[in-house]
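Results of the structural survey
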Amino acid sequence: MNLSELTIKKARELLDSKQLSAIDLAKYYLKNIEEKNKDLNVYLEVFSDVIKQAEDAQKIINKGEAKELTGIPLAIKDNILIKGRKVSAASKILENYTATYDATVIKKLKEEGAVFLGRTNMDEFAMGGSTENSAFGVTKNPYDLERVAGGSSGGSAVAVAADIAMASLGSDTGGSVREPASFCGVLGLKPTYGSVSRYGLMAMGSSLDVIGPIAKTISDTEIIFNAIKGVDKMDSTSIEMESRILNPESRTIGVPYHLMNQEGISLDVKKNFEESVEKLKNLGFEIINISLPNIDKSLAVYYIIMPAEVSSNMARYDGVKYGLREDGDPSTPLGAGNLLDVYKKTRGKGFGKEVRRRIILGTYVLSTGYYDAYYGKALQVRRIIKDEFAQAFKKVDAILTPTTPSPAFKIGEKSDPLEMYLADIFTVTANIVGCPAISLPSGFAEIDGKKLPLGIQLTVPHMDEDILFNIGKKFLNE
Ligand code: GLN
């Protein structure tokens, strides 16, 4: 049996009909991890009790009580808490930190009987788009080891793409599930803001963050999303998804063509995007040219609101409450216990460059005298962009763009932070407006003799994930 082609759906059939055991399935992934993890740097830790978890799942299967994810091996991004296990957000400041409770998504997956293989590499505290900001080394793209996997959920995307997990969880604040999924040729869903509880997800930008699945097929994406979504009393921003009657006529797709003429979009992406539009037309979708006049301000809005929230969320890592602690200077009046010194030393040593940059940026945009000019203004523009989306969705069922302006870039290629931020141009908008969006694999670009995956992104109104799944199934011929 060729397990590399297994999806969650297919594995479920095999597990339930006893053609495959949860233990053999877990062993298959452990063997692949053993072979590939050294080169790819996907897992920061492979859990030592994977077989034990699989045995527990098998008992449930044997009793005939299996749920959709019982015995399914998953990889979890290193910013989602699993009780009793280490969780570091790929940061030195939390290097030896152990979670004291389960994130709500983990609780739900445990109730399903899923098997957790390990925790995956990421940009430190999810700040980045290439996994190069991890304190524990970069994750490599399986299509070309000289290129990035994308980020910040780079480990989670490569885990699925390189067949060292059946599916995974990532988190998406400005594209961190969709961008690496696109770079690695897999699917990544950023659900509606609030549809998945953030309890136990280390906060980055609290008004933007959402946990989402990375998988090989739409059906698998849907299965995980259904397992993790739902209102949660531990997250006051969580919402119950209204059951909506899907418009069977959901056949109109809006394309903001004006976005495609921006600088910095690679020819490969443009060509692939045109082909994808043609494919959708041939599938019977009506493609409408739409205008989102202020969408070009999304990136600026994001890079003000996000660091503002980052600067506040990072304040908790002070050397007192969690993780790393550096003593103060013994020669100061209060000696090594000088609190300010402890803060400075701990944060200076524990945080990487990009995290420090964002804390400084965020503190600046929130400071007296600049608050109105930056943070206040960004909130106003956020509102305008939201309104423009609401208007657009009166005319179309979904909005289509590429996921990224280029295929995966080379490791070390983008040394200027601004250049790196530009890679988020298509993805940040969905977080700004809170809408669900998905990245679907749409083909390949051939660069330096290597095939590099490309992706398209669909965005739909709040709580209309079903439209994403519906269009996605047609596009991917599922
Ligand atoms: N690349 C974006 C950033 O650097 C998105 C990060 C994310 O979604 N966590 O902020």
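Here the structure is a predicted model, which is why all the values come from computation and not from measurement.

1. Concerning the overall build of the protein chain
The number of helices and strands found in the protein chain is 15 helices and 13 strands. Whereas a compact globule of 478 residues would reach a radius of gyration of roughly 23 Å, the protein chain reaches 22 Å, a difference of no more than 12%. Considering only C-alpha atoms, the protein chain reaches an extent of 75 × 55 × 50 Å along its principal axes. Counting over 478 residues, the protein chain shows a buried share of 60%. Accessible surface, the protein chain: about 19,100 Å² in total, of which carbon and sulfur atoms supply 52%.

2. Some details on the packing of helix α2 (residues 22–40) against helix α3 (residues 50–62)
Relative orientation of the contacting elements α2 and α3 amounts to 155°, with a least axis distance of 8 Å. As far as their axial angle goes, α3 and α2 are roughly antiparallel. Here α2 runs over α3; the crossing is right-handed. In contact with A22, I23, A26, K27 and L30 of α2, α3 contributes V50, I51, A54, E55, A57, Q58 and I61.

3. So, the environment of P142
By the element assignment, P142 lies in the loop between β4 (140–141) and β5 (144–148). By relative accessible area, P142 is classed as partly exposed at 30%. Apart from residues lying up to four places away in sequence, P142 is in contact with L40, V158, A161, A162 and C184.

4. Looking at helix α9 (residues 298–313)
For α9, with 16 residues, the first-to-last C-alpha span of 22 Å sits near the 22 Å given by 1.5 Å per residue. For α9, the tally of buried residues reaches 14 of 16 residues, placing the bulk of the element in the interior.

5. As for the environment of L400
As for its position among the elements, L400 is in strand β11 (residues 398–402). Counting along the chain gives 24 residues from L400 to G376, while the straight-line C-alpha distance between them is 29 Å. Those residues in contact with L400 that lie beyond four places of it in its chain are I253, G254, V255, P256, F273, V277, L280, I456, Q457 and L458.

Parameters at a glance
- Residue positions are given per chain, counted from 1 along the sequence in the order it is written.
- Per-residue local features are limited, in this predicted model, to residues with pLDDT of at least 70; the limit for side-chain atom pairs, both in listing and counting, is 80 or more; totals at the level of whole chains, interfaces and linings are taken over all residues.
- Water and hydrogen atoms play no part in the side-chain values, which are based on all heavy atoms of the structure.
- Secondary structure counts use DSSP, requiring at least four H or I residues in a row for a helix and at least two E residues in a row for a strand, with both numbered from the N terminus.
- This radius of gyration counts C-alpha atoms alone. The globule rule is 2.2 Å times how many residues there are, raised to the power 0.38.
- Exposure is judged per residue with a 1.4 Å probe applied to protein chains only, and the accessible area is read against the type maximum: over 50% gives exposed, under 20% gives buried, and values in between give partly exposed.
- The Shrake-Rupley method, run with a 1.4 Å probe sphere, supplies the accessible areas, and residue values consider only the shown protein chains as cover.
- Here an angle of 0 to 180 degrees is reported between the N-to-C directions of two axes, which are lines fitted to C-alpha atoms, with helices fitted over the stretch in contact.
- Every angle not falling under 35 degrees, over 145, or within 65 to 115 is termed oblique; those three ranges are roughly parallel, roughly antiparallel and roughly perpendicular.
- Left-handed describes a crossing whose near helix is turned anticlockwise from the far helix through less than a right angle; right-handed describes the clockwise counterpart.
- The contact criterion used is simple: two residues touch if any of their non-hydrogen atoms lie within 4.5 Å.
- By definition here, a helix of n residues has an expected span of 1.5 Å times n minus one.

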